[in-house]
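These are the residues of each chain, in order.
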Amino acid sequence: MLDLIIRNGLVVDGSGRPGRHGDVAVQGDEIALVGRAPADLRAATEIDAQGKVVCPGFIDVHGHSDSLLIMDPQCDSKITQGITTDVGGNCGLSPGPYRDLWYVDWWVDNPKNFFSVPMDEGKKILAGHGLELDWTDLAGFYRRLEAARPALNHTGMIGHYVLRSTAYGEAGTQPWRQPTRAELDLMKALVREAMEQGARGISCAFHHTDPELDVPVEEFQELASVVAEFDGVFAFHLRSYTDGLLTAVREAIELAAKTGVRTTISHLWGDGKEYWGKVRVAMDAIEKARLRGIPIWCDVLLTLQPRNYMSGGLKTLFPDEVASDAEGRWGEYFAGSGALRSAARRMRAGGGNRWYKERFNPLTYWPMWDEMMRVIHSPQRPEFEGLMVYDLATELGCDSYEALCHLIQLNDGDADTMLERTDDRDIIDVLAHPVSMVGTDGSPVRPIRSPRPPNPRLYGTFPRLFAHFVRDRRALRLEEAVMKSTSMPAEFLGLRDRGVLRQGFKADIAVFDPATVQDYAYLRSRPESYRDYSRGVSDVIVNGRAVVRDGALTEERPGQVLRRG
């Protein structure tokens, strides 16, 4: 008797070939049969998938779970959308290696700057979040993660920020200088050690500090040369997603060409309305590079607001003093003499607050911010909902900064906005290209202490892929969408026994209804709904065991750490 048979589904095996109606059988943690199971073949558990798609579990090629997965090993935000393998260590951030310093991670009480602190201080910070920092390298982290028994598989890369922090040994924000020869040699040794411990490759980023951070491409090439020895990968966060987008894409292509390392451009997009449309030219450059045999890929995010801190949080746009004084009495505060105009004047002048350092304040970073920011909640004046702030300002007869103040005053603080940083057409241009993969840029949500709601993509990326881009927009075929979520990232990462429904491969499987699958990433919805599970994903199998059954979470936590090699 087998352990599991999924019968009567549309089997889309992940290869890109047309789906066929049939069955998938599982024995232990492996796929035992793909095709038509004999009627008398029995299993301990049988799932009727009539009217549903049966495909490989999704591989989140661009994730940020890492140490959060120790704190929330069930990772409900990911498994409920069909993700069976999480890829961490992206955007230059990874859970090691550390020596004398700990590199403060992105989720720790929303730091405005990424910086390093002494290890003892790092341990205290994490202890305040309920996590013991008892590892210094990737091997130690992997052992700790295995002890936590995650519900999904995890593999990851080593982050360039962390490498530099450890090699420089200087607490605080990262120095604006190139490494010495000794520091670069130490970074290369740390990369080699991490690859030997099971890392898939290396990642980098610029956006978290400043794009002017002095990292020459030659530094990346030297580090990539070590990754090449292990047939690893490079996840390359561009220097610019705005006016320097095309130059930055060429830099990534050059890195892949000179080193031969499989390279993916992280979340390719045009960041801001004035840059929408540029990705078409970028994809042309990538296509020409592929025709020359250069191993270059990209991944794409599927929501219009690809940053957690852009998902609602209108109050976070105000100067700290205004937010503190007005809390609990926004209507009364802005009714005071000159308070509204004073706040608008300060917002117009720019500057930082506790949520945004100065260069990333949305109201000054994007010249056309008011044509990207949409009102999503205005209960006292519901006619404002759906308007861009630019249009709201026109309606109210003021400028856009004063319009934000009026919005929050008229609703006595109970108002919200959403910043749409990219365009649906740009997403489709990237998604429809043969070399693009899909990522969430997300993590477990429950351990994060933030007053701002999570980005809806954290719960709904893959359901959105099949609901909006396959079913509604018909931007690509079902089989193509599955391939971009399964076999393509598996091939890129070197996961040789996952990503395809094939006899002998590991039994990571997702079952969903293509007619009803749906995310909750509605731009006009209230942010509270962003924590709702997507619908339509009925069953998720990880290493042969069900972590989601009939749309409900189980107690199973069969995930594995997938070390390279």
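Residues numbered from 1 in each chain as written. Predicted model: local features only at pLDDT ≥ 70, side-chain atom pairs only at ≥ 80, totals over all residues. Heavy atoms only, no water.

Here's the deal with the sheet that holds strand E12 (residues 172-173)
Spatial ordering of the open sheet is given by E8-E9-E12, a layout of 3 strands whose pairing is antiparallel. Two strands close off the open sheet at either side, each with one partner strand: strand E8 (101-103) and E12. In this sheet, E12 lies alongside strand E9 (residues 115-118) in antiparallel orientation, the contact comprising 2 bridges. When the sheet's bridge partners are listed, Phe-115 is paired in E12 with Thr-173. Each of E8 and E9 touches helix H3 (residues 119-127); the most contacted strand, E9, lies at about 105° to it. (Pairing = 2+ DSSP bridges. Helix = DSSP H or I, 4+ residues; strand = E, 2+ residues; numbered from the N terminus. Contact = heavy atoms within 4.5 Å. Axes fitted to C-alpha atoms, helices over the stretch in contact; angles between N-to-C directions.)

Quick look at the nonpolar core
Grouped together as the largest cluster of nonpolar side chains are 120 residues, with contacts concentrated most on Leu-238, Leu-268, Ile-286 and Phe-466. Ranked by residues supplied to this core, first place goes to helix H8 (residues 245-259) with 7 residues. The residues contacting Ile-286, other than those within four sequence positions of it, are Val-249, Ile-253, Ile-265, Leu-268, Ile-296, Cys-298 and Val-435. In terms of nonpolar packing, the next biggest core, distinct from the first, is built from 33 residues, Ala-323, Ala-326, Tyr-333 and Ala-403 among them. (Core = buried A, V, L, I, M, F, W, Y, C linked by side-chain atoms within 4.5 Å. Buried < 20%, exposed > 50% of the residue type's maximum accessible area, 1.4 Å probe, protein only.)

Details of empty space enclosed by the protein
On inspection of all chains with the given rule, the structure shows 5 cavities of 30 Å³ or more. Put simply, the second largest cavity is a space of about 90 Å³. Of the residues in the lining of the second largest cavity, the class split is 11 nonpolar, 2 polar and 1 charged. (1 Å grid on protein atoms, 1.4 Å probe; cavity = no way out; pocket = protein on both sides within 12 Å on 5 of 7 lines; lining within 4 Å. Points joined across faces, edges and corners; volume = space filled by probe spheres on them. Nonpolar A, V, L, I, M, F, W, Y, C, P; charged D, E, K, R; others polar.)

Overview of helix H7 (residues 217-229)
Owing to its 3.6 residues per turn, the α-helix brings residues three or four apart onto one side. Taking 1.5 Å per residue as the helical rise, H7 with its 13 residues ought to reach 18 Å, and the 19 Å between its terminal C-alpha atoms agrees with that figure. For H7, the set of buried residues is Val-217, Glu-219, Phe-220, Gln-221, Leu-223, Ala-224, Val-226 and Val-227. Buried positions along H7 lie against helix H5 (160-168), helix H6 (181-196), strand E13 (201-204), strand E14 (233-236) and H8. Looking at the residues trailing H7, positive phi occurs at Asp-231, about 55°. (Expected span 1.5 Å × (residues − 1).)

Digging into the side chain of Glu-402
Inspection of the secondary structure assignment puts Glu-402 in helix H15 (residues 400-410). For Glu-402, which is buried and forms no salt bridge, the nearest opposite charge comes from Arg-348, at a distance of 4.1 Å. Contacts of Glu-402, omitting those with residues within four sequence positions, involve Leu-340, Arg-341, Ala-344 and Arg-348. (Lys, Arg positive; Asp, Glu negative; His and termini not counted. Salt bridge = Lys/Arg side-chain N within 4 Å of Asp/Glu carboxyl O.)

A word on the pairing of strand E22 (residues 545-549)
Pairing of strand E21 (residues 537-542) with E22, which is carried by 3 bridges, proceeds in the antiparallel orientation. By the bridge assignment for E22, Val-542 is matched with Arg-545. Linking E21 back to E22 in an antiparallel pair, the connection comprises 2 residues, with Asn-543 at a positive phi of about 50°. As paired elements, E22 and strand E23 (residues 552-553) share 2 bridges and run antiparallel to each other. Each residue of the ladder has a partner; that of Arg-549, found in E23, is Ala-552. The turn joining E22 and E23, which pair antiparallel and follow one another in sequence, is formed by 2 residues; a positive phi near 55° is taken by Asp-550.

Observations regarding the environment of Ala-44
Inspection of the secondary structure puts Ala-44 in strand E4 (residues 43-48). In this structure, the C-alpha to C-alpha distance between Ala-44 and Met-1, residues 43 residues apart in sequence, is 7.0 Å. The residues touching Ala-44, leaving out its near neighbours within four places in the chain, are Met-1, Leu-2 and Asp-3.

Overview of the confidence of the model for the protein chain
On average, residues of the protein chain score 91 in pLDDT, and 92% of them are at 70 or above. Contacts for the low-pLDDT stretch residues 306-312, under 50 throughout, to residues beyond four places or in other chains number 35 contacts. (pLDDT = per-residue confidence, 0-100.)

Things to note about the environment of Gly-35
Checked against the element boundaries, Gly-35 lands in strand E3 (residues 30-35). Taking relative accessible area as the criterion, Gly-35 reaches 27% and is therefore assigned partly exposed. Measuring from C-alpha to C-alpha, the distance between Gly-35 and Pro-456 comes to 36 Å, with 421 residues separating the pair along the chain. Gly-35 has contacts with Gly-22 and Asp-23, leaving out every residue within four places of it along the chain.

A few points about the packing of H5 against H6
Here H5 crosses H6 at 130°, and the two axes come no closer than 9 Å. Taken as axis vectors, H5 and H6 run oblique relative to one another. As for how H5 packs across H6, the hand of that crossing is right-handed. Within the contact between the two elements, H5 uses His-160, Leu-163, Arg-164, Thr-166, Ala-167 and Tyr-168 and H6 uses Glu-183, Leu-186, Met-187, Leu-190 and Val-191. Its residues assigned to classes, the contact of H5 with H6 comprises 7 nonpolar, 2 polar and 2 charged. (Parallel < 35°, antiparallel > 145°, perpendicular 65-115°, else oblique. Left-handed = near helix turned anticlockwise from the far one by under 90°.)

Things to note about the packing of aromatic side chains
All chains considered together, the criterion is met by 19 aromatic pairs. Taking the centre distance of 5.6 Å and the plane angle of 80° together, the rings of Phe-220 and Phe-236 count as edge-to-face. Of this pair, Phe-220 sits in helix H7 while Phe-236 sits in strand E14, and the two are 16 residues apart along the sequence. Of the residues examined, Phe-236 reaches a relative accessible area of 0% and is grouped as buried. The interplanar angle of 50° and the centroid separation of 5.8 Å between the aromatic rings of Phe-234 and Phe-236 together place this pair among those described as tilted. Feature note: the residues Phe-58, Phe-462, Phe-466 and Phe-512 constitute an aromatic cluster, connected by ring pairs. A cation sits over an aromatic face here: Arg-177 above Tyr-168, 4.3 Å from the ring centre. (Phe/Tyr/Trp six-rings, centres within 6.5 Å; stacked < 30°, edge-to-face > 60°. Lys NZ or Arg CZ within 6 Å of the ring centre and 35° of its normal.)

Focus: unusual backbone geometry
Geometrically, the link from Gly-96 to Pro-97 is a cis peptide bond, its omega value of 10° lying close to zero. Among the structural elements, Pro-97 can be located in the loop between strand E7 (83-88) and E8. The backbone of Arg-149 sits at a positive phi, close to 55°, despite the residue not being glycine. Tracing the backbone shows Arg-149 in the loop between helix H4 (138-148) and strand E10 (153-156). The backbone of Asp-412 shows a phi angle near 50°, a positive value even though the residue is not glycine. Along the chain, Asp-412 turns up in the loop between H15 and strand E18 (416-419).

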